[in-house]
Structures are given as structure tokens and as C-alpha cells.
Amino acid sequence: MTSPTATDPATHQPDDSRRVSMLLGLLFGLAGMGSSSAAVTLSLMGDDLGVGPGLAAWTISLYVLMLAVTTALYGRISDLVGVRGPLLAGLVLMSIGALVAALAPTFPVLLGARMVQGAGAAAVPTLGVAVLSARYSGEIRGLAFGRLAGVAAAVSCLGPLIGGVVEAAFGWRAVMALPILGALVVPLLWRALSTDGSGARLDVVGAILVALTAAGMVLLVQSPSAGLLVAAIGAGLLILGVPAVRATVRRRPDGFLPVEVIRNSTVVRSAVAASSVPAAWFAMLIALPAVLLSAGWEAWEVGLAMVPSAVVALVVPQVTGPTLNRIGPARALAVSAVVASAALLVATAGAHWTSAPILVVAIILVTFAFGLGQPALSAVVGDAVQQEVRGVALGVSTLLFLIGGSVGSAVVAGISGPLGMPAALLVLAVLPLLGLLVLRPTLRPEPVSA
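About the thresholds
Residues numbered from 1 in each chain as written. Predicted model: local features only at pLDDT ≥ 70, side-chain atom pairs only at ≥ 80, totals over all residues. Heavy atoms only, no water. Helix = DSSP H or I, 4+ residues; strand = E, 2+ residues; numbered from the N terminus. Rg over C-alpha atoms; globule rule 2.2 N^0.38 Å. Buried < 20%, exposed > 50% of the residue type's maximum accessible area, 1.4 Å probe, protein only. Contact = heavy atoms within 4.5 Å. Areas by Shrake-Rupley, 256 points an atom, 1.4 Å probe, with all protein chains shown as cover. pLDDT = per-residue confidence, 0-100. Phe/Tyr/Trp six-rings, centres within 6.5 Å; stacked < 30°, edge-to-face > 60°. Salt bridge = Lys/Arg side-chain N within 4 Å of Asp/Glu carboxyl O. Axes fitted to C-alpha atoms, helices over the stretch in contact; angles between N-to-C directions. Parallel < 35°, antiparallel > 145°, perpendicular 65-115°, else oblique. Nonpolar A, V, L, I, M, F, W, Y, C, P; charged D, E, K, R; others polar. Arc of directions from axis to C-beta. Patch = residues over 30% accessible without salt bridge, like charges linked within 9 Å, V, L, I, M, F, W, Y side chains within 5 Å.

Trainee: Is there a simple way to explain the overall build of the protein chain in this structure?
Mentor: What the protein chain contains, in helices and strands, is 25 helices and two strands. Taking 22 Å as the expected radius of gyration for a compact globule of 450 residues, we find that the protein chain reaches 20 Å, a close match to that expectation. C-alpha atoms of the protein chain, sized along the principal axes, occupy 60 × 45 × 40 Å. The buried share of the protein chain, reckoned over its 450 residues, is 56%. Sequence-distant contacts, at least 24 apart, represent 81% of the contacts inside the protein chain between residues at least 6 apart. Entry remark: accessible area of the protein chain is about 18000 Å², with carbon and sulfur atoms responsible for 70%.

Trainee: I tried to follow the confidence of the model for the protein chain on my own but got confused; where do I start?
Mentor: Any segment with low pLDDT has predicted coordinates that should not be analysed in fine detail. Averaged over the protein chain, the pLDDT score is 81; the fraction of residues at 70 or greater is 90%. Per-element confidence in the protein chain is highest for helix H21 (residues 329-353), whose mean pLDDT is 94, and lowest for strand E1 (residues 7-8), whose mean pLDDT is 47. Note on residues 1-12: pLDDT under 50 across the span, and 23 contacts to partners over four residues away in sequence or across chains.

Trainee: Got a minute to help me understand the environment of phenylalanine 28 in this structure?
Mentor: Looking at the secondary structure, you find phenylalanine 28 in helix H1 (residues 17-36). Given a relative accessible area of 13%, phenylalanine 28 falls into the buried group. Through-space distance from the C-alpha of phenylalanine 28 to that of valine 124 is 5.7 Å; in sequence the pair is 96 residues apart. Among all residues touching phenylalanine 28, those that are not within four sequence positions of it are Val124, Pro125, Leu148, Ala152 and Gln374.

Trainee: Got a minute to help me understand unusual backbone geometry in this structure?
Mentor: Trans is the common state for peptide bonds, and a negative phi is the common state for residues other than glycine. One non-glycine residue with positive phi stands out, namely threonine 354, at about 50°. Mapped onto the elements of the fold, threonine 354 is located in the loop between H21 and helix H22 (356-384).

Trainee: So what exactly am I meant to see when it comes to the packing of aromatic side chains here?
Mentor: Describing an aromatic ring pair means giving the distance of the ring centres and the angle of the ring planes. With the rule as written, the count across this model stands at one aromatic pair. Their ring planes at 20° and their centres at 4.1 Å tell us that tryptophan 281 and phenylalanine 370 sit as a pair that is stacked. A residue pair is termed long-range when its members are at least 10 positions apart, and tryptophan 281 in helix H17 (residues 276-294) and phenylalanine 370 in helix H22 qualify at 89 residues. On the accessibility criterion, tryptophan 281 (4% relative accessible area) is buried.

Trainee: Explain the side chain of serine 276 to me, please; I cannot follow it from the model alone.
Mentor: Its location among the elements puts serine 276 in helix H17. The class of serine 276 is buried, set by a relative accessible area of 5%.

Trainee: Even after reading the chapter, I still don't get the pattern of salt bridges, so can you show me in this structure?
Mentor: Taken as a whole and assessed by the stated rule, the structure comprises four salt bridges. Its salt-bridge partner being arginine 19, residue aspartate 16 comes within 3.7 Å of it at the nearest N-O pair. For arginine 19, a relative accessible area of 42% corresponds to the partly exposed category. The network of salt bridges with common partners includes Asp16, Arg19 and Arg135.

Trainee: Help me understand the packing of helix H16 (residues 265-274) against helix H25 (residues 430-439) in this model?
Mentor: Think of two packed helices as two axes; the pair is described by the angle between the axes and how far apart they sit. Put simply, H16 and H25 touch, their axes get as near as 8 Å, and they point 170° apart. Taken together, the axes of H16 and H25 lie roughly antiparallel to each other. Mapping the contact onto sequence places Arg269, Ser270, Val272 and Ala273 in H16 and Gly435, Val438 and Leu439 in H25. Of the residues assigned to the contact of H16 with H25, the class counts are four nonpolar, two polar and one charged.

Trainee: Just checking my understanding: could you explain H25 for this structure?
Mentor: Burial in H25 covers these residues: Pro432, Gly435 and Leu439. Summarising the axial view, the buried residues of H25 lie within an arc of 50°, below the 170-degree limit, and thus occupy one face.

Trainee: I would appreciate a short explanation of helix H5 (residues 71-81) in the present structure.
Mentor: Turn by turn, an α-helix covers 3.6 residues, leaving residues three or four places apart pointing in a common direction. The element H5 is largely enclosed, with a buried count of eight among its 11 residues. By the burial criterion, the buried members of H5 are Thr71, Ala72, Tyr74, Gly75, Arg76, Ser78, Asp79 and Leu80. Remark: glycine 82 follows H5 within two positions and exhibits a positive phi of approximately 90°.

Trainee: Teacher, can you tell me more about the packing of H1 against helix H4 (residues 58-69) here?
Mentor: Close contact between H1 and H4 brings their axes to 9 Å; oriented N to C, the two are set at 150°. Listed contacts from H4 to Ala31, Gly34 and Ser35 of H1 are Ile60, Tyr63 and Val64. Of the residues belonging to the contact of H1 with H4, the class tally is four nonpolar, two polar and no charged.

Trainee: Before we go on, may I ask you to explain a nonpolar patch on the surface in this structure?
Mentor: On the surface, a nonpolar cluster with roughly 580 Å² of combined accessible area is contributed by Leu88, Val92, Leu93, Ile96, Val100, Val109, Val116 and Trp190. If you list the elements that add at least two residues to the nonpolar patch, you get helix H6 (84-103) and helix H7 (107-121). Looking at the nonpolar patch, the element that brings in the most residues is H6, giving five residues. Mapped onto the fold, leucine 88 is located in helix H6.

Below, the structure written as C-alpha cells:
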């Protein structure tokens with residue numbers, strides 16, 4: 001534990017890492033709650049606006065889509081102008097989207113508001129990590145990453161319980177407005193948000209092409225539960241987007257996607273491997289409520305079942321920092337993948353026997369994996385690139401991280417219908433093991449200096 005009066009040797013300033021990392025984790029968690037708390041409102045919201053369960057689910061899918069595809073944009077903008085402006089702009093968008101969603105008179109208006117909300121919420125994961133990566137170093141930074149991930153996971157895990165309680169008391173519209181609370185956190189973080197940037201101009205064409213290509217990837221992985229039209233749109237965006245992105249990178253090697261980032265094998269391998277962890281986490285956030293609700297549980301009871309995992313998420317940072325310092329972030333990422341795979345195997349058994357205790361153990365395990373894997377990825381990427389491209393590198397890695405979450409939710413939705421929830425979870429249990437194969441070259445021991 002660090003003292004409040006300790007100083008960070010890298011910056012020679014008082015160590016405020018505990019306060020800053022926990023506040024950023026709270027913002028991250030509120031962004032995540034935009035998905036987890038809204039999930040328990042779909043039935044009442046659909047009835048109120050006259051849409052069926054399939055259409056109602058798009059309020060989650062479009063939110064996650066925008067959350068994923070705009071992360072790299074915020075990261076690159078922060079490289080150019082600093083963190084404060086982009087983060088403030090994102091939180092304003094998130095709050096406006098949440099407010100309009102709460103007041104939406106029709107379902108199309110609600111969908112548009114959720115897209116705006118997701119586009120704003122995307123600022124938090126990338127820029128929160130960028131703040132910690134630039135502001136702290138060494139052991140302090142590892143502890144800060146751990147606290148951010150732990151608080152974020154805890155708030156997200158409490159989303160179903162908070163959403164169920166708020167819905168019961170005030171209705172589904174109040175649940176949609178919950179992310180507005182993020183605006184209250186900004187004044188407490190203001191001094192920690194840097195305004196230093198390179199001053200270069202944003203590669204607008206490159207940003208648009210990357211966003212559209214990422215959207216195609218997310219839509220394609222969600223297509224098993226969304227239908228052939230979504231699959232066709234996703235495939236079309238990918239087919240057109242990939243060569244266009246390659247062309248713009250050749251034209252502007254220092255543009256929106258700097259060559260030194262996309263050719264950095266450590267960044268790419270770590271991000272791809274780490275994406276299996278949120279795949280497991282998002283899958284469990286969907287699978288546990290689905291299994292228990294089908295067994296007759298009430299929404300608030302499902303929320304209570306998530307409380308132990310929220311408690312674990314708050315404890316994990318005490319382990320994360322020392323683990324990153326002792327074995328290194330790459331090996332910590334490998335550990336998180338192994339735990340994620342084990343969690344999915346346990347969840348498979350819990351879904352097969354419809355056992356709440358086994359499912360609770362599974363989500364506790366996957367919460368630990370997320371709480372270790374997310375800061376490990378941030379540390380790997382932050383150390384692997386130069387300061388001037390750190391924001392976009394973290395944005396690209398967060399993009400792949402969130403796409404992993406889309407894969408997890410898509411597999412659960414697409415396979416659980418025809419084959420059952422146990423089969424869907426069993427298929428996902430293989431992904432972290434494949435991630436270990438991708439990560440393997442980065443796990444070689446560093447040469448010991450004489």
C-alpha cells in the first residue's frame with residue numbers, strides 16, 4: 001500500500017494514484033453499466049415501446065458496437081491534443097445519450113440515443129488507461145492499473161442488481177439515465193487530465209476508415225444472433241475497409257494508425273490474446289442471468305448472485321500490482337487467460353446442472369481473470385511503444401479487447417439457441433487457450449544482464 005504523501009519517482013509529484021485510478025475505474029464501470037444494467041430492462045422497455053425481444057436486444061448491441069469502434073479514435077486524438085478535451089467530450093456525449101434514451105418517445109429514437117451514448121462511453125476505457133500510463137510508472141502504475149480494472153469490474157457486476165432495483169422503483173427509463181452520474185466524477189479528476197499533445201492534425205480519412213472497418217468486424221461476430229443482413233453489412237465493410245486502411249497507412253505512415261504501432265508484434269499479439277478474457281467475461285454476464293432467469297429467478301435475485309463477484313473485483317487490485325511486478329505483465333496476461341478458460345469450463349458445468357453456486361464460482365473466476373488481464377494488457381502496450389503514439393496504441397488494443405467481448409456475447413447468443421448454453425460456454429473455453437498460443441513468443445525470458 002502506498003502512502004498518501006509518497007511521491008512517484010517518474011514525475012516527482014505526490015502519489016495520488018489511488019484516488020485517480022479509483023475514480024477512473026468508477027467512470028469505466030459506469031460505462032460498462034450502460035450494458036449490464038440495461039440488460040434487465042429489455043422486457044419492460046420492449047413492452048412499453050411496442051417491440052419484441054429480438055429488436056429490444058439491439059439497444060445493447062448498438063451500444064457495444066459504438067463502444068468498440070470509437071475507442072481507437074479517442075486514443076489517437078489524445079495523442080494530438082492531450083486527454084482532458086477528448087475525455088470531457090466523451091462524457092458529454094455519454095450523458096446526452098443517456099438522457100435522450102431515458103426520455104425517448106419511440107424505439108428508433110432510443111436506438112439513436114444508445115449509439116450516441118456508446119460513442120461517448122468509448123472515451124473512458126482508452127483515455128483512463130492513457131492517464132495512468134502517462135502519469136505513473138513502475139510499481140505505482142501496476143497498482144493503479146489494478147485498481148482501475150477492479151473498480152470497473154465491480155461496478156459492472158453490480159449493474160444487474162442496481163438496474164433491477166432502480167427499475168422496480170422508478171421504471172426502465174431511470175435505468176437508462178444511470179450513466180449520467182459519470183459527469184459528477186469529472187471535477188474530481190480535472191487536475192489529473194493532461195492537455196499536452198503533439199499538436200499534429202488528425203488524419204480524418206484514416207479515422208473514418210478504421211471506424212468503419214472495426215464496425216464491420218463487430219457486426220460480423222454479432223451476426224449469428226442478428227441475421228444475414230447484419231452479416232452481409234459486416235462482411236461488406238470488412239472487404240472494403242481492410243484494403244482501404246492498408247492504403248491509407250502506406251500513404252500516411254504517421255497517420256491515424258502509425259506504422260510503428262501496427263507493426264509492433266508485442267502490441268498486436270498481446271491485444272489478440274487478451275481479447276479472449278473479455279470474451280469470457282461478457283459471455284458470463286449474459287449466461288448467468290439467462291440460466292437463472294429461465295430457472296424462475298427474479299431480476300433482483302440475479303443481481304444478488306453477482307454481488308460476490310463485485311466483492312472479488314474490489315479485492316483483485318491487491319493482487320494485480322504485486323503480480324505484474326513479480327512475473328511481468330506478459331506472464332500475468334497468460335495467467336488471466338488460463339483462469340478465464342477454467343471459469344468457462346466451470347460455467348459449462350453450472351449451466352448443464354442449472355446450479356447457481358457453480359455459476360457464481362465461475363463468474364468469480366472470470367472476474368479475477370478480467371481484473372488481472374486488463375491491467376496486464378495496458379502495461380504491456382504502454383511499455384512497448386513511444387509516448388507520442390501511446391494513446392493510439394492503447395486505443396487499438398482496447399478496440400481488440402472490446403471486440404473480444406462482442407465475440408463472447410455473439411457466441412452465447414448464436415450457439416445457446418440451437419445447441420444450449422453449456423455448448424456455447426464450452427466453445428468459448430477454447431478461445432483463451434488459442435490466445436496463449438498467440439502470446440507465446442512474448443513470454444520468452446529476457447536476457448539477464450551481467
